[in-house]
Amino acid sequence: HGEPDAPKSDSEVQVGIAEELRPFQTKMDGALALLSAVSPEQAASMTRNHWSRLTRTLEVSRGPRSRTGRASRQGYVFKSFFLCPEDRHALFNRIDGRCLKMLRAGLFEEVAHLLERGSLDPQSTAGCAIGYRQVIDYLARPEPHDRDVRAFEDFLRTFSFATRGYARSQVQWFARDSDFFWLAANPFNPKAVGDEIRRLIARPQAEFEGLARLDGVLRERWASQGRVTGAAFASCLEFGSSIVENLEGVLRTVDACTRRVPERFRRQPEAAMVMLTLASPCGKPFGKVYWGGRHKVWGWGNPLGKLHKQAVQVLESSGWCRVDETDDSIVPAFCWPTRKAGDFPASGGADAALPLVRPFPQEFTQRLDDKSELAAHLSAAGFDGVLPPTWLADDFMAAELCGDNEEDIWFVKHNLGVKGHGVHVFAGSGAVKSRLEELGPRGRRTFIVQRGVAPPDLHEGRKWMLRAHALLHCSGAGVARAYCHSDMVVIDHGQLYTEQPHVRAAHISSAGNPKNWPKPYLLECEPTARQVRALMEQTFAAVWQFLPPRPFAPPESELCQVLGFDFATDAHGRCWLLEVNNYPAIASGTMEHVDTSVYTNLVRDVLQLVVLPRLDGILPVPGGFVELNVQGATGTTVTTCT
């Protein structure tokens, strides 16, 4: 992509910034305030305690505003390859083996020596590197004692998990860049890999580009392995110390290394875990806890698994702490999980371990998330103008359409959200029916047909989609409320608008190369925001009667869930609801390019409006949330922006 245009690092400037940051070494918020003064966006996404990155970001942000852009690639022919391991499971096993090899080669002794000499700052880039970071955390743990087998086993798990996670992130990074040709690589036969690269480089450019488009098979194979391996992979390091040869000798070595660490690096004992006086039905107390992965006893995924890093930090600043996934002594007081982490009933058995504040049962939220069910509920409630004209696939096959133009845009969508991959674009109803006929009755039963919003409103020649977040809350006292957050995200499509259906990025916001996606921004049109809130009110009104009945279990439980509503606007200024997501992406996936501060503020507002009032007894603060009048939902009034 060319040489970056950021200025080269100036050691004198960096020394000056380091001196400026020195008073804030234990107060990251104060240091971030300096960055926020020149770049609020970068301050919001900055990793906490990453002082070297903060220093460099301040240096660049305070530098000259005139940037020339990356150097041109003109005159060069690039043939880029990503060597992808064919077997994800085998790769992860090799990574585990490499972790053990590093330990045998003296990783503990190396880190202890560097800390003892003062040559390694735990907050430096090197100190935060995978391997060093986990060893430092182990050696500098508070109140260490000899032969601490459990602490050593925790270290083994976190070390291997972080290393495997880094490998996954590398693959995901290359998956987003279509300039790389994915090549299956056998690590035990590097000569064959080199020969294949030389053969491909020798091909003419046009022929090479044609072959490069075939790497989708390998990309899909890797992705499908991830869907299987993610749940099935069992690291050998999960067995802890049992796989370590000469455990007694290893423990003597790491204990000696622990004693060599200067006391100034020793971490202080963590604050006592926040426990609630209320006990769960299973007799165990609720607490502000979460874990990584899937719990070994209860089987749930991470209670905060849907949240991004900055949001988890917000909760940790309010008393949340991470516990081991084998610890079943405390029931999480709050849960914001992924869809697959667990489906929590509103009422459980007498001994059920359920979070105190948890999502709605998926049986209810499915009424909103499933596009066919949502259309049926809206129609039954008399709100036919909320969605664009929508049919079940079989109903569409039998429908007699009036005034249909063969150039009109139609969408065939999967009933459930699949991050844009289940959306297909057609010109004219005839093309739609031909495709549905090919699928057959069985193949089309999971699809709906939706007429495109026409003519679409364009921003700088592009269609745009609006993502708004709603909060649905049922208290234990039987009061149900819905809210809309005032921060609504506008996402311009990745291609200029055209009526040609094969240009997917012109019609689908999540299609195309992410490098071509414009930067999302917040809506500033209040008339459009009022339409959005009115459509939300009608949508919730259509399913209100199906809210889970009380009492919940335990009776003090509350149900709380954030939903993502996607809207499109026509050229006349009228908003249309496209779909509802019951587990919307939070600064990840299709929303990865949205400024993370938008989601950090969203999570903070949920915390202060619902969660902390229930757990800590504070007064609720709405923040950016506006309460909806669901009971008084009426037709939508259209007012255009000027």
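All figures in this text were calculated on a predicted structure; none of them were measured in a lab. (Residues numbered from 1 in each chain as written. Predicted model: local features only at pLDDT ≥ 70, side-chain atom pairs only at ≥ 80, totals over all residues. Heavy atoms only, no water.)

1. Remarks on the overall build of the protein
Then, in step 1: Secondary structure summary: the protein contains 19 helices and 20 strands in total.
Then, in step 2: In the protein, which comprises 642 residues, the share counted as buried stands at 48%.
Then, in step 3: Within the protein, contacts between residues at least 6 apart in sequence are counted, and of these 72% link residues at least 24 apart.
Then, in step 4: Working note: accessible area of the protein is about 31400 Å², and carbon and sulfur atoms make up 53% of it. (Helix = DSSP H or I, 4+ residues; strand = E, 2+ residues; numbered from the N terminus. Buried < 20%, exposed > 50% of the residue type's maximum accessible area, 1.4 Å probe, protein only. Contact = heavy atoms within 4.5 Å. Areas by Shrake-Rupley, 256 points an atom, 1.4 Å probe, with all protein chains shown as cover.)

2. Some details on the nonpolar core
Then, in step 1: Judged by nonpolar contacts, the single largest core of 51 residues is most densely connected at Leu307, Leu315, Trp320, Phe334, Trp336, Leu471 and Val606.
Then, in step 2: Within the residue set of this core, elements represented by two or more residues are β5 (289-290), α13 (309-316), β14 (462-474), β16 (489-492), β18 (558-569) and α19 (596-616).
Then, in step 3: The contacts of Phe334, once residues within four sequence positions are left out, are Pro303, Leu304, Leu315, Trp320, Val357 and Val611.
Then, in step 4: Counting 42 residues, the second largest nonpolar core, distinct from the first, contains Trp464, Ala468, Leu523 and Leu577. (Core = buried A, V, L, I, M, F, W, Y, C linked by side-chain atoms within 4.5 Å.)

3. Some details on the sheet that holds strand β10 (residues 409-414)
Then, in step 1: Ordered by their spatial adjacency, four strands build an open sheet running β9-β12-β10-β11, and the pairing between neighbours is antiparallel. For this open sheet the edge positions go to β9 (390-392) and β11 (423-427), each flanked by a neighbour on one side alone. Each neighbouring strand pair of the sheet contributes to a mean axis angle of 25 degrees, computed without reference to strand direction.
Then, in step 2: Contacts from helix α17 (residues 429-444) reach β10, β11 and β12 (447-451), with the element oriented near 165 degrees to β12. (Pairing = 2+ DSSP bridges. Axes fitted to C-alpha atoms, helices over the stretch in contact; angles between N-to-C directions.)

4. Structural notes on the packing of aromatic side chains
Then, in step 1: Under the counting rule described, the total for this entry stands at 29 aromatic pairs.
Then, in step 2: Residues Phe155 and Phe159 carry aromatic rings whose centres are separated by 5.6 Å and whose planes lie at 20 degrees to one another, so their mutual orientation is stacked. Separated by four residues within a single helix, Phe155 and Phe159 lie in helix α8 (residues 149-175), roughly one turn from each other. The same class applies to Phe155 as to Phe159, namely buried. (Phe/Tyr/Trp six-rings, centres within 6.5 Å; stacked < 30°, edge-to-face > 60°.)

5. Looking at the environment of Leu156
Then, in step 1: Note on placement: Leu156 falls in helix α8.
Then, in step 2: On the basis of relative accessible area, Leu156 is assigned to the buried category, the value being 0%.

6. Concerning unusual backbone geometry
Then, in step 1: Cis rather than trans, the peptide bond between Ala454 and Pro455 has omega equal to -15 degrees.
Then, in step 2: Relative to the elements of secondary structure, Pro455 occurs in the loop between β12 and β13 (458-459).
Then, in step 3: A cis amide bond links Arg550 with the next residue in sequence, Pro551, at an omega value of 10 degrees.
Then, in step 4: Mapped onto the elements, Pro551 comes out in the loop between α18 (526-543) and β18.
Then, in step 5: For Glu460, which is not glycine, the phi dihedral falls at a positive 55 degrees.
Then, in step 6: In the Ramachandran plot, Ala587 falls in the positive-phi region, its phi being about 55 degrees despite a non-glycine side chain.
Then, in step 7: Examined against the element boundaries, Ala587 turns out to sit in the loop between β19 (575-581) and α19.
Then, in step 8: With relative accessibility at 15%, the residue Ala587 sits in the buried group.

7. Notes on the pattern of salt bridges
Then, in step 1: Taken as a whole, this structure holds 26 salt bridges when the rule is applied.
Then, in step 2: One salt bridge connects Arg56 with Glu59, and the closest N-O pair in it is separated by 3.2 Å. Remark: Glu59 and Arg56 occur in helix α4 (residues 51-61); sequence separation between them is three residues, near one turn of the helix.
Then, in step 3: Overall, Arg56 belongs to the partly exposed group, its relative accessible area being 26%. (Salt bridge = Lys/Arg side-chain N within 4 Å of Asp/Glu carboxyl O.)

8. Looking at helix α6 (residues 107-117)
Because each turn of an α-helix spans 3.6 residues, side chains separated by three or four positions end up pointing in the same direction.
Then, in step 1: Among all positions of α6, only Leu107, Phe108, Val111, Ala112, Leu114 and Leu115 are buried. All buried residues of α6 fall inside an arc of 165 degrees around its axis, so they share one side.
Then, in step 2: Taken together, the buried residues of α6 touch α5 (88-104), α7 (132-139), α8 and α12 (247-260).
Then, in step 3: Just beyond α6, the residue with positive phi is Gly118, at close to 80 degrees. (Arc of directions from axis to C-beta.)

9. Examining the confidence of the model for the protein
Then, in step 1: Looking at the protein, pLDDT values average 84 and 87% of them are 70 or higher.
Then, in step 2: In this model residues 636-640 is a low-confidence stretch, pLDDT under 50, and it forms 14 contacts with partners more than four residues away in sequence or in other chains. (pLDDT = per-residue confidence, 0-100.)

10. Quick notes on the side chain of Lys288
Then, in step 1: Among the secondary structure elements, Lys288 is positioned in the loop between β4 (285-287) and β5.
Then, in step 2: Taking the relative accessible area as the measure of exposure, Lys288 reaches 2% and is therefore buried.
Then, in step 3: Reaching out from Lys288, the side chain makes a polar contact with the side chain of Asp616 at a distance of 2.9 Å. (Polar contact = N/O pair within 3.5 Å; in protein donor to acceptor, adjacent residues only side chain to side chain.)

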